[in-house]
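Below, each chain spelled out in residue letters.
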Protein chains: 2
Amino acid sequence: MVREVVVTDEFGQSRTLFIPAERALTIYVDKRELVTLMTLGAHPEWLVLGYLRNQRLVETLDEIESITVDWDVGAAAVKTRNGISDIEKRTEKRVVTTGCGQGSLFGDVLDALDGIQLPAAHVTQTQLEEITDTIRLQDSIYKKAGSVHGCALFSTQDTHAEKLIFVEDVGRHNAIDTIAGWMWLQENKVQTQEVVFYTTGRLTSEMVMKSAQMGIPIVVSRSGMTEMGLALAQQLNLCAIGRATNKRFLCFSAPERVQWQAMVVAA
Amino acid sequence: MVREVVVTDEFGQSRTLFIPAERALTIYVDKRELVTLMTLGAHPEWLVLGYLRNQRLVETLDEIESITVDWDVGAAAVKTRNGISDIEKRTEKRVVTTGCGQGSLFGDVLDALDGIQLPAAHVTQTQLEEITDTIRLQDSIYKKAGSVHGCALFSTQDTHAEKLIFVEDVGRHNAIDTIAGWMWLQENKVQTQEVVFYTTGRLTSEMVMKSAQMGIPIVVSRSGMTEMGLALAQQLNLCAIGRATNKRFLCFSAPERVQWQAMVVAA
């Protein structure tokens with residue numbers, strides 16, 4: 001997932017370094033081409049599953065008979081049991097809500113937000129620190145090659161935050177979709193009221209929407225937040241925490257979900 | 001383009017800060033809905049123009065009669081002189097090549113790369129330092145609110161690099177498209193052999209493709225590069241420079257376009 005390349009530095013000297021090596025993966029649903037994703041490809045089946053889920057093209061796991069990935073041709077063939085009704089129409093409207101400014105969340109996803117009721121949940125300040133510590137110490141492609149985004153899911157069921165899964169990809173959307181696919185396969189094991197989602201990327205409207213669709217009530221980011229992301233988070237009563245590094249963080253919405261510890265402030 | 005919000009910090013104290021305020025802008029071409037972009041909206045007409053150009057939906061400026069932006073309804077109405085032939089078919093295929101992993105560059109853009117011949121051009125090390133210095137000193141939304149990407153175009157016609165335009169947006173794709181639109185309107189004034197494109201974002205395949213389509217032979221980024229971006233840059237003989245901050249940089253491709261100065265290295 002990384003490749004070593006030769007570059008020339010500011011002294012005109014050759015140096016070698018690693019860069020992330022993404023591949024094109026075209027998703028076919030019942031032999032119909034849907035989209036081509038650029039991905040590091042660590043977990044292509046989860047990515048495809050999560051993409052279909054987050055685009056709300058598939059409502060239940062039962063609808064999918066199989067997902068077959070063939071890297072030789074860069075294709076993921078999805079076979080559904082009964083087809084996806086109105087797929088032409090449902091993928092026609094491009095609502096582009098991502099932080100990259102030109103994403104690909106299809107039209108009726110926005111409409112579906114009204115039906116979302118996030119579970120009651122909270123996170124303690126100690127758990128937040130454990131989450132950022134875990135990410136800081138995580139062995140990663142980012143540390144080796146840079147230029148990728150990371151997402152993770154943490155369980156806060158016990159007193160301590162426990163990492164369930166960590167995924168990196170060239171794009172944060174692929175990373176969150178991969179986690180969505182993984183979560184779907186765990187359905188009964190991961191209780192959304194007891195998980196916190198972490199992303200290195202900004203909390204834009206699309207990230208908030210995807211988290212909400214996955215039923216995750218608390219989202220933590222190393223980066224900041226945009227106004228539309230905030231407006232959605234407030235509407236959903238989703239707790240959005242940004243600028244989380246070391247022991248620092250800023251809670252942008254639903255602060256009642258955070259349990260602040262009594263802190264001794266150095267004089 | 002920024003909004004002041006109240007957040008809660010790690011001490012449980014309220015603080016105010018600024019976040020970028022993006023708006024939805026839906027592009028209609030001859031009354032047909034094409035796409036919705038999330039944008040800071042500084043130069044919506046340039047953005048729409050650049051988007052149409054970079055998606056290769058429009059080949060010449062003459063094809064466009066007018067672009068009318070109405071923020072009250074978040075719409076940009078594009079009127080063409082003779083319509084866009086095959087627009088349904090040409091916007092059907094989603095090739096998703098962006099750094100966010102799920103962008104929106106339509107299908108036949110990739111095919112068009114074969115015809116691109118970038119002009120002979122070079123950049124001096126002094127000009128590179130002037131470019132990063134200018135960006136560092138630039139008054140920006142990023143400094144005020146964070147969470148946005150910046151792009152700029154520099155002329156290297158004279159000995160010194162001169163800033164022509166600087167654009168920020170929630171997504172780097174909108175920022176580069178806005179510059180593309182601006183460039184198109186200057187057609188005869190901006191000679192592509194004498195310009196360098198700067199972006200705060202990563203050099204992914206989509207950024208390289210867009211630069212090449214705009215005829216820009218040299219691209220500079222504060223961030224790194226992905227393998228596919230590099231493969232395209234090498235194929236196009238486009239000079240891609242990454243990790244450019246202060247006096248440091250790494251040249252990933254076409255180093256013959258860089259004129260290194262004799263440097264005195266501290267012992």
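Along the backbone of chain A there are eight helices and 16 strands. Scored against the burial criterion, the 267 residues of chain A give a buried share of 60%. In chain A, 54% of the contacts between residues at least 6 apart in sequence involve partners at least 24 apart. Total accessible area computed for chain A in this model is approximately 10,900 Å², and 47% of it derives from carbon and sulfur atoms.

Once that is clear, we can look at the sheet that holds strand β2 (residues 14-20) of chain A. Ordered in space as β2(A)-β1(A)-β15(B)-β14(B)-β13(B)-β12(B)-β10(B)-β11(B), the eight strands form an open sheet in which the pairing is mixed. The open sheet has two edge strands, β2 of chain A together with β11 (162-169) of chain B, and neither has a second partner. Going from strand to strand, the sheet's axes swing by 30° on average, the running direction of each strand aside. Summarising the sheet, strand β12 (residues 195-199) of chain B and strand β13 (residues 218-221) of chain B pair through three bridges and their orientation is parallel. Within β13(B), the residue paired with B:Y198 across the bridge is B:V220.

To continue, consider the pairing of strand β6 (residues 75-80) of chain B. Residues and elements named next belong to chain B. As paired elements, strand β3 (residues 23-29) and β6 share four bridges and run parallel to each other. Note that in β6 the partner of Y28 across the bridge is A77. Bridge count for strand β5 (residues 64-70) against β6 is six bridges, and the pairing is antiparallel. Paired with V69 across the bridge in β6 is A76. Linking β5 to β6, which pair antiparallel, is a turn of four residues; within it G74 sits at a positive phi near 65°.

Our focus in this paragraph is the domain arrangement of chain A. All names here are of chain A. Along its sequence, chain A is carved into domain 1 (23-110) and domain 2 (123-266). Opposite the 26 residues of domain 1 that make contact, domain 2 presents 27 residues. Here domain 1 and domain 2 share an interface that buries about 2,300 Å² over both sides, 61% of which is from carbon and sulfur atoms. Of all residues in domain 1, W46, R53 and N54 bury the most surface against domain 2, accounting for 31% of the area lost on that side. In this assembly, domain 1 and domain 2 are joined by zero salt bridges. Counting the contacts that link domain 1 with domain 2 gives five residue pairs in polar contact (both at pLDDT 80 or more). Looking at the side of domain 1 that touches domain 2, the elements that each hand over two or more residues are β4 (32-39), α1 (44-54) and α3 (108-112). For the side of domain 1 that touches domain 2, the element with the highest residue contribution is α1, accounting for seven residues. Its residues assigned to classes, the side of domain 1 that touches domain 2 comprises 13 nonpolar, 10 polar and three charged.

Glancing now at unusual backbone geometry. Residue and element names in this part refer to chain B. Even without being a glycine, R243 presents a positive backbone phi close to 50°. Looking at the secondary structure, you find R243 in strand β14 (residues 239-245). Unlike most non-glycine residues, N246 shows phi in positive territory, near 50°. Tracing the backbone through its elements, the reader meets N246 in the loop between β14 and β15 (248-251).

A separate point is the packing of aromatic side chains. By the definition in use, this model includes two aromatic pairs over all chains. Sitting over the ring of A:F18, A:K144 keeps its end group 4.3 Å from the ring centre. Looking at B:R222, its charged tip hangs above the ring of B:Y142, at a distance of 5.4 Å from the centre.

A word on helix α7 (residues 205-213) of chain A. The buried count for α7(A) comes to nine of nine residues, which makes it a mostly enclosed element. Positive backbone phi, approximately 80°, marks A:G215, located one or two places after α7(A).

Residue and element names in this part refer to chain A. Looking at the secondary structure, you find M38 in strand β4. For M38, a relative accessible area of 6% puts it in the buried group. When the C-alpha positions of M38 and D169 are compared, they lie 8.8 Å apart, and in sequence the two are 131 residues distant.

Quick look at the packing of α7(A) against helix α8 (residues 227-236) of chain A now. Each pair of packed helices gets described by two things: the angle between the helix axes and the distance between those axes. Residue and element names in this part refer to chain A. The geometry of α7 relative to α8 is characterised by a closest axis approach of 7 Å and an angle of 25° between their N-to-C directions. One element, α7, and the other, α8, form an angle in the roughly parallel class. In this structure, α7 uses S205, V208, M209 and A212 to contact α8, whose residues at the interface are M228, G229, L232, A233 and L236. A breakdown of the residues in the contact of α7 with α8 according to their chemical character gives seven nonpolar, two polar and no charged.

Let's shift gears to the packing of helix α1 (residues 44-54) of chain B against helix α6 (residues 172-186) of chain B. Residue and element names in this part refer to chain B. α6 packs onto α1 with a crossing angle of 90° between their chain directions and a minimal axis gap of 6 Å. In this view, α1 runs roughly perpendicular relative to α6, as classed from their interaxial angle. Between α1, through W46, L47, L49, G50, Y51, R53 and N54, and α6, the contact on the second element is made entirely by N174, I176, D177, T178, A180, G181, W182, M183, W184 and L185. Broken down by class, the residue content of the contact of α1 with α6 amounts to 10 nonpolar, five polar and two charged.

Turning to the sheet that holds strand β13 (residues 218-221) of chain A, a few remarks are in order. The strand order across the open sheet formed by eight strands is β11(A)-β10(A)-β12(A)-β13(A)-β14(A)-β15(A)-β1(B)-β2(B), and the pairing between neighbours is mixed. Every other strand in the sheet has two partners, leaving β11 (162-169) of chain A together with β2 (14-20) of chain B as the edge strands with one partner each. Between one strand and the next, the sheet's axes are offset by a mean angle of 30°, whatever the strand orientation. Pairing geometry for strand β15 (residues 248-251) of chain A and strand β1 (residues 2-9) of chain B, over two bridges, is antiparallel. Its bridge partner lying in β1(B), A:C251 is registered against B:T8. Along the sheet, helix α4 (residues 125-137) of chain A contacts β10 (149-155), β11, β12 (195-199), β13, β14 (239-245) and β15 of chain A; its crossing angle with β10(A), the most-contacted strand, is approximately 140°. Against the sheet, helix α6 (residues 172-186) of chain A engages β10, β11 and β12 of chain A, with an angle of about 30° to β10(A).

Definitions and cut-offs
Residues numbered from 1 in each chain as written. Chains lettered and ligands numbered in written order. Predicted model: local features only at pLDDT ≥ 70, side-chain atom pairs only at ≥ 80, totals over all residues. Heavy atoms only, no water. Helix = DSSP H or I, 4+ residues; strand = E, 2+ residues; numbered from the N terminus. Buried < 20%, exposed > 50% of the residue type's maximum accessible area, 1.4 Å probe, protein only. Contact = heavy atoms within 4.5 Å. Areas by Shrake-Rupley, 256 points an atom, 1.4 Å probe, with all protein chains shown as cover. Pairing = 2+ DSSP bridges. Axes fitted to C-alpha atoms, helices over the stretch in contact; angles between N-to-C directions. Domains from an automatic or database assignment. Buried area = accessible area lost by both parts, 1.4 Å probe. Salt bridge = Lys/Arg side-chain N within 4 Å of Asp/Glu carboxyl O. Polar contact = N/O pair within 3.5 Å; in protein donor to acceptor, adjacent residues only side chain to side chain. Nonpolar A, V, L, I, M, F, W, Y, C, P; charged D, E, K, R; others polar. Phe/Tyr/Trp six-rings, centres within 6.5 Å; stacked < 30°, edge-to-face > 60°. Lys NZ or Arg CZ within 6 Å of the ring centre and 35° of its normal. Parallel < 35°, antiparallel > 145°, perpendicular 65-115°, else oblique.

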